[in-house]
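One letter stands for each residue in the lines below.
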Amino acid sequence: PTFEALFDTLGDLVTQAREAIAAGDAPGLGRLMNAAQAGLARLGVSSPELDALAQAAVDAGALGAKLSGGGRGGIALALAQPEDSERVRKALVKARAVRVLQTRLEIGD
């Protein structure tokens, strides 16, 4: 695909992600994060290290993972259910994450 088509696809994913967040659809958001990571990698803004971290998180049970920031050495975000978060953290450390920060998001009124 052309860069324009990839940008359009990523824009559509952002719109869908907003809808998933508004609906409290964590699994859907995770799938969208994975799709975005694949698109960002095709654009060439990822790196082997970020790809490995995202894959390690997903392999360990994260719902989704993607790079954030400028890429090429920025940060990776992983979305996991609370019961999977420690396993994902350990996988990220094993995959050579420089630092792993965890936070808990709660959906409510």
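In the block above lies the structure referred to throughout.
Residues numbered from 1 in each chain as written. Predicted model: local features only at pLDDT ≥ 70, side-chain atom pairs only at ≥ 80, totals over all residues. Heavy atoms only, no water.

A.B. asks: For this particular structure, what's the right way to read the environment of A35?
C.D. replies: Within the secondary structure, A35 is located in helix α2 (residues 26-43). Classification of A35 by relative accessible area gives partly exposed; the value is 33%. In the structure, A35 is positioned 22 residues away from L13 in sequence and 7.8 Å away in space, judged by C-alpha atoms. (Helix = DSSP H or I, 4+ residues; strand = E, 2+ residues; numbered from the N terminus. Buried < 20%, exposed > 50% of the residue type's maximum accessible area, 1.4 Å probe, protein only.)

A.B. asks: I'm lost on the pattern of salt bridges in this one. Help?
C.D. replies: In a structure, side chains of opposite charge can pair up when their charged atoms sit close to one another. One pass over the full model with this rule turns up two salt bridges. A salt bridge links E86 to R89; the shortest N-O distance between them is 2.6 Å. In this pair, E86 and R89 both sit in helix α4 (residues 85-94), three residues apart, roughly one turn of the helix. Residue classification places E86 among the partly exposed positions, given a relative accessible area of 35%. (Salt bridge = Lys/Arg side-chain N within 4 Å of Asp/Glu carboxyl O.)

A.B. asks: I tried to follow helix α3 (residues 48-59) on my own but got confused; where do I start?
C.D. replies: Given 3.6 residues per turn, any residue in an α-helix points the same way as the ones three and four places further on. The end-to-end C-alpha distance of α3, which contains 12 residues, comes to 16 Å, matching closely the 16 Å that a straight helix rising 1.5 Å per residue would cover. Every buried residue of α3 is listed here: L50, L53, A54, A56 and A57. Relative to the axis of α3, the buried residues are bounded by an arc of 160° and lie together on one face. Facing away from the buried side of α3, by more than 90 degrees, are the exposed residues P48 and D59. On its buried side, α3 packs onto α2, β1 (64-68), β2 (75-79) and α4. Following α3 by one or two positions, G61 adopts a phi angle in the positive range, close to 115°. (Expected span 1.5 Å × (residues − 1). Arc of directions from axis to C-beta. Contact = heavy atoms within 4.5 Å.)

A.B. asks: Looking at this structure, how should I read the nonpolar core?
C.D. replies: Where a protein is soluble and globular, its nonpolar side chains tend to be buried together. Of all hydrophobic cores here, the largest spans 14 residues; its most connected members are L10, L13, L29, L32, L40 and L43. Elements supplying a minimum of two residues to this core: α1 (3-23) and α2. By residue number, the principal contributor to this core is α2, which donates six residues. In this structure, A54, A57, A91 and L92 belong to the second largest nonpolar core, which totals 10 residues. (Core = buried A, V, L, I, M, F, W, Y, C linked by side-chain atoms within 4.5 Å.)

A.B. asks: Whenever I open this one, α2 confuses me. Can you help?
C.D. replies: For α2, which comprises 18 residues, the first-to-last C-alpha distance of 25 Å matches the rise-based estimate of 26 Å (1.5 Å per residue) to within 8%. All of the buried residues in α2 are G28, L29, G30, L32, M33, A36, Q37, G39, L40 and L43. Looking at the buried residues of α2, the elements they touch are α1, α3, β1 and β2. Between the side-chain oxygen at the start of α2 and the backbone nitrogen of G28 there is a gap of 2.9 Å, and the oxygen is on D25. One or two steps after α2, the chain reaches G44, where phi turns positive at roughly 90°. (Polar contact = N/O pair within 3.5 Å; in protein donor to acceptor, adjacent residues only side chain to side chain.)

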